[in-house]
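Descriptive analysis of the structure
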Amino acid sequence: MAVDPRQVLAGLLTVSMFAMVGNMIKRDHFDSIEVSLQDVSGVPVDVFKAEEKSITHALRLSEGHRKKRNQELKPCWNRPVSKDVEQSRGYITFSLRSGPEYHVLQVTDAVVIARYLGATLVLPDIRGRKLGQQRNFREMYDAGKFIHSLSGVVNVADQLPAEVAAQMPSLVRVPHGVSEDFITQNIKPIFQTSHYLRLASYFTSVDWRRREKRNGDLDSTACLAMFGSLELKQGIAEAADGVVDRLRTLSRNIGSRFIAIDLRSDALEKRGCKESDGRSKACYGARETAEFLRRIGFNGDNPIYVTQTRWDESLDPLREFFPRSYTKDDLMPAEKKGELVSSGSEVERALDLLVCAQSDVFVPAISGLFYGNVAGRRIASGRPEMVVPSRGPPFSARASDFVSSYVSRKNHVAYSCYC
C-alpha cells in the first residue's frame, strides 16, 4: 500500500509537538523555587531551559576562567555601620537544630533580630535530630570567626551573665526570613519588657528566591550573617578540603572534572521522594541519575562524589556507568573517619555541604533545602555549574536544558548579596 509522504511528515510533526508540550509542562512543574518544609524531600526539582550549548561548552570552564569569574563576583552590599554594641539592651539565646542546611538560616534570623533590637547574641548550642543530642557550638563551628565577623554589628557572648541566666527567658517563635515589621510588632514589645529572649525558629517554607531590597541595614546584616559569619571549625573544614583535593587530583590526572551528587538511599525511601505525578519526580535514584549524566555528555571517566556516607548496593547502578564513584568513607583517611564520619549526621552533612560547594559540577538528585544551601554557596563563590536531573527524552539532551534555574534566572537570594 502506498504511503503519502505528507501523512508521514504530519505524523512526525504531531509527535514532536506533543513532546515539546510535555517538556514545557514538566519544566513548569519542576521550576518551583519556594521549598515547603512540611515535607522537604517532596519538593519538585527546578529545571529551566537556558541557551543552547553543548555539555563541553556549557560546563567545561578553564581554571583561568574560573579565577576571572571569582574576581568579578563582588558583594552587592556594604558592611553594616558599626554601633556601640557593647552597650547591650538585653540578651538573645537560641539553638541550632535540624542539621547544617538549617543552621545558616537560623543564624541569619537571630543576627538580624539582635541587630535591630541592639541585643547581645549568645553563642547557640547545637541540638541533634534525636532527643537529647546536644553539642557545643565550638565543637562544630569556628566561634572565633563568627564573633570577629560580627564585630561592631552585633555583640556576641560565649554565655549569659550569671544574674541573667538565673532568670526565665521570654520565648518567642520566629518565622524564617523574619521581617522588620514582624520584629517591630511581635518581638520588640516583649524585649523591651523582659530584655531576655529565647528564639524558637519555625519553618513552614524556605523561599530561596532573590529578594527585593527593604531595610538597607538589615539586608546588609542578613547578607553578612548568611555568607560571612558561619564557618566549620578547622578540623572539619580541612577534612572536606582533603576530599576535594583527592577528587580534583584524580580528575586532573585523567583530564576530567569531578562531579558531586546529592544522592542518599535513606532519602530515596521517604514518601516525598516517590513519583509526584506522571510527568515529574522530586528525587532521582542512582540509575536514573547516571543515565541522565551520560545523556547530557559526561562519560565514565568523570570522578563522582556521592553524599551517601558509606557505599550502599542501591548505588551500584551509578558505579556501572561511572566506576570512579566514591563516598566520604572511601576518600577520608582512617584516622579522620572515626572522628567525623561516625560522629553524627550533622557533621557528615556539613562535610557534604563543603564538598558539593567546591566540586567542578554539582547535581542535586534530591530536591530540598540542601540543594538551596549548596546553590547559595556556589553562587557566592563563583561556581555556578549545577545541572538538575530530568527524565527528558534523548533528543532534548543538551546540558544547558538542565542548568539550575537558580543560575539561569539568577533567582536565588545569593544574587541579592553578590553580583
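Read on for a plain summary of the structure. Keep in mind it's a predicted model, so treat the numbers as computed, not measured.

Turning to the overall build of the protein, a few remarks are in order. Across its full length, the protein holds 18 helices and 14 strands. Buried positions account for 51% of the 419 residues belonging to the protein. Long-range pairs, those at least 24 residues apart, make up 76% of the contacts in the protein with a sequence separation of at least 6. Surface accessibility of the protein: about 19400 Å² in total, with carbon and sulfur atoms responsible for 50%.

Within this structure, the stated rule accounts for seven aromatic pairs. On the numbers, 5.5 Å between centres and 90 degrees between planes, the contact of Phe 227 with Tyr 418 is edge-to-face. Of this pair, Phe 227 sits in helix H8 (residues 216-228) while Tyr 418 sits in the segment after helix H18 (414-417), and the two are 191 residues apart along the sequence. Residue Phe 227 is classed as partly exposed on the basis of its relative accessible area, which comes to 22%. Arranged with centres 5.2 Å apart and planes meeting at 90 degrees, the rings of Phe 292 and Phe 402 form a pair that is edge-to-face. Here the residue Phe 292 occupies a position in helix H11 (residues 286-295), and Phe 402 occupies one in the loop between helix H16 (369-380) and helix H17 (405-408), the gap between them amounting to 110 residues. In this pair, the class of Phe 292 matches that of Phe 402, namely buried. A connected cluster of aromatic rings, assembled from ring pairs, spans Phe 137, Tyr 141 and Phe 146. Over the ring of Trp 311 we find Arg 319, and its NZ or CZ is 3.7 Å from the ring centre.

Moving on: helix H7 (residues 180-194). Here H7 spans 20 Å end to end across 15 residues, near enough to the 21 Å set by a 1.5 Å rise per residue. At Ile 187, H7 shows its largest kink, close to 45 degrees, and the proline Pro 189 lies no more than four residues downstream. Turning to H7, its buried residues number three or more, namely Ile 183, Ile 187 and Phe 191. Looking at the packing, one finds that the buried side of H7 touches strand E2 (91-93), helix H4 (100-117), strand E8 (170-175) and strand E9 (196-202). Taken from the residues just after H7, His 195 is the one with a positive phi, measuring 60 degrees.

This next bit is on the side chain of Thr 120. Tracing the backbone shows Thr 120 in strand E4 (residues 120-122). Side chain to side chain, Thr 120 and Asn 155 meet in a polar contact 3.1 Å long. Excluding residues within four positions of it along the chain, Thr 120 makes contact with Ser 88, Gly 90, Tyr 91, Ile 92, Asn 155 and Ala 157.

Taken together, the four strands give an open sheet; going across it, the order is E13-E12-E11-E14, and neighbouring strands pair in parallel fashion. The sheet is open, and its two borders are formed by strand E13 (325-326) and strand E14 (361-364), each paired with just one other strand. With four bridges joining them, strand E11 (residues 259-262) and E14 adopt parallel strand pairing. Within E14, the position partnered with Ile 259 by the bridge is Val 361. Sheet strands touched by H11: E11, strand E12 (304-306) and E14. Its angle to E11, the strand with the most contacts, is close to 145 degrees.

Attention shifts here to the sheet that holds E8. Spatial ordering of the open sheet is given by E7-E4-E2-E9-E8, a layout of five strands whose pairing is parallel. Looking at which strands have only one partner, the edges of the open sheet turn out to be strand E7 (156-157) and E8. Along the sheet, H4 makes contact with E2, E4, E8 and E9, crossing E9 at roughly 145 degrees. Docked against the sheet, H7 engages E2, E8 and E9, running at close to 165 degrees with respect to E8.

Quick look at the nonpolar core now. Residues Ile 92, Ile 113, Leu 117, Leu 121, Phe 146 and Ile 187 are the most contacted members of the largest nonpolar core, which totals 83 residues. Element by element, the count of residues in this core is highest for H4, at ten residues. Counting 24 residues, the second-largest nonpolar core is a separate cluster that includes Leu 263, Val 306, Leu 318 and Ala 365.

So, on to the pattern of salt bridges. Applying the stated criterion across every chain yields a total of 15 salt bridges. Here Asp 125 and Arg 127 are joined by a salt bridge, their closest N and O atoms 2.8 Å apart. For Asp 125, a relative accessible area of 17% gives the class buried. According to the relative accessible area criterion, Arg 127 is partly exposed, its value standing at 23%. Each member of the salt-bridge network shares a partner with another, and the members are Asp 262, Arg 264, Lys 328, Arg 349 and Asp 352.

Definitions and limits used
Residues numbered from 1 in each chain as written. Predicted model: local features only at pLDDT ≥ 70, side-chain atom pairs only at ≥ 80, totals over all residues. Heavy atoms only, no water. Helix = DSSP H or I, 4+ residues; strand = E, 2+ residues; numbered from the N terminus. Buried < 20%, exposed > 50% of the residue type's maximum accessible area, 1.4 Å probe, protein only. Contact = heavy atoms within 4.5 Å. Areas by Shrake-Rupley, 256 points an atom, 1.4 Å probe, with all protein chains shown as cover. Phe/Tyr/Trp six-rings, centres within 6.5 Å; stacked < 30°, edge-to-face > 60°. Lys NZ or Arg CZ within 6 Å of the ring centre and 35° of its normal. Expected span 1.5 Å × (residues − 1). Bend = angle between axes of the 7 residues up to and from the residue. Polar contact = N/O pair within 3.5 Å; in protein donor to acceptor, adjacent residues only side chain to side chain. Pairing = 2+ DSSP bridges. Axes fitted to C-alpha atoms, helices over the stretch in contact; angles between N-to-C directions. Core = buried A, V, L, I, M, F, W, Y, C linked by side-chain atoms within 4.5 Å. Salt bridge = Lys/Arg side-chain N within 4 Å of Asp/Glu carboxyl O.

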